[in-house]
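# Observations on the model geometry
The residues making up each chain are set out below.
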Amino acid sequence: MQNLVTDLLATLAYGVVGVVLMGIGYALVDLATPGRLNHLIWHERNRNAALLLASNLAGVGIIVVAAIAASEDDFVLGLAGSAAYGILGLVIMAAAFVLLDVATPGKLGELLVDPEPHPAVWVSAVVHLATGAIIAAAIS
């Protein structure tokens with residue numbers, strides 16, 4: 001029974017770290033796009049903004065899962081690694097977004113919240129997912 005309680009508490013801690021990192025990811029995407037992300041997605045039903053946010057959250061999730069898996073049952077290492085790699089992943093995703101913005105015509109943030117579907121959203125989404133996968137591979 002004690003193992004169950006310990007495992008549940010560890011799971012809770014990992015969950016909190018993951019949710020906090022996804023919250024930071026949400027805030028970063030909100031900063032990178034014009035307008036309020038909350039309004040764009042839930043009120044205007046902007047699919048471009050939703051795809052951008054979803055890919056960011058998935059990228060963070062991929063990183064956290066890899067950090068937990070690589071912790072080799074060392075709870076403290078796993079928790080610290082999840083937080084550290086998650087923050088690093090968010091920084092790298094933000095840098096990749098800026099580089100993509102510089103390398104492409106127009107203002108990427110504005111294109112990504114256009115009410116009409118835009119192919120740039122798919123490119124940016126894949127950058128988020130690929131970044132998460134690359135960091136996950138580096139962890140293990």
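Residues numbered from 1 in each chain as written. Predicted model: local features only at pLDDT ≥ 70, side-chain atom pairs only at ≥ 80, totals over all residues. Heavy atoms only, no water.

- In the nomenclature of an unreviewed UniProt entry, the chain corresponds to DUF350 domain-containing protein from the organism Micromonospora mangrovi.
- Listed under Subcellular location (unreviewed entry) in UniProt, the entry text for the chain is "Cell membrane". (UniProt positions renumbered as here; feature names shortened; annotations may be inferred.)

### Details of the overall build of the chain
- Of regular secondary structure, the chain possesses six helices and zero strands.
- Tracing the chain from N to C terminus, the helices and strands come up as α-α-α-α-α-α.
- Its C-alpha atoms give the chain principal-axis dimensions of roughly 55 × 30 × 20 Å.
- Within the chain, buried positions represent 37% of all 140 residues.
- Looking at the chain alone, contacts between residues at least 24 apart form 71% of all its contacts between residues at least 6 apart.
- When the accessible surface of the chain is totalled, it reaches about 8100 Å², and 71% of it is carbon and sulfur.
- The positive charge centre, built from 4 side chains, and the negative charge centre, built from 10, are 14 Å apart in the chain. (Helix = DSSP H or I, 4+ residues; strand = E, 2+ residues; numbered from the N terminus. Buried < 20%, exposed > 50% of the residue type's maximum accessible area, 1.4 Å probe, protein only. Contact = heavy atoms within 4.5 Å. Areas by Shrake-Rupley, 256 points an atom, 1.4 Å probe, with all protein chains shown as cover. Lys, Arg positive; Asp, Glu negative; His and termini not counted. Charge placed at Lys NZ, Arg CZ, Asp CG, Glu CD.)

### Quick word on the packing of helix α3 (residues 47-70) against helix α6 (residues 119-139)
- Put simply, α3 and α6 touch, their axes get as near as 8 Å, and they point 5 degrees apart. As far as their axial angle goes, α6 and α3 are roughly parallel. Contacts between α3 and α6 involve N48, L51, L52, S55, N56, A58, G59, I62, I63, A66, A67 and A70 from the former and V121, W122, S124, A125, H128, L129, G132, A133, I135, A136 and I139 from the latter. (Axes fitted to C-alpha atoms, helices over the stretch in contact; angles between N-to-C directions. Parallel < 35°, antiparallel > 145°, perpendicular 65-115°, else oblique.)

### As for a negative patch on the surface
- A contiguous patch of negative charge on the surface is contributed by D7, E72, D73 and D74.
- One can find D74 in the loop between α3 and α4 (75-103).
- Residue classification places D74 among the partly exposed residues on the basis of a relative accessible area of 36%. (Patch = residues over 30% accessible without salt bridge, like charges linked within 9 Å, V, L, I, M, F, W, Y side chains within 5 Å. Salt bridge = Lys/Arg side-chain N within 4 Å of Asp/Glu carboxyl O.)

### Re the side chain of S124
- For S124, the location among the structural elements is in helix α6.
- We classify S124 as buried; its relative accessible area is 2%.

### Some details on the packing of aromatic side chains
- Under the criterion given, the structure shown has one aromatic pair.
- Ring centres of Y14 and F75 lie 5.8 Å apart, and the angle between their planes is 80 degrees; this geometry places the pair in the edge-to-face category. Here Y14, found in helix α1 (residues 2-32), pairs with F75, found in helix α4; they are 61 residues apart in sequence, far enough to count as distant.
- Assessed through its relative accessible area of 14%, Y14 is described here as buried. (Phe/Tyr/Trp six-rings, centres within 6.5 Å; stacked < 30°, edge-to-face > 60°.)

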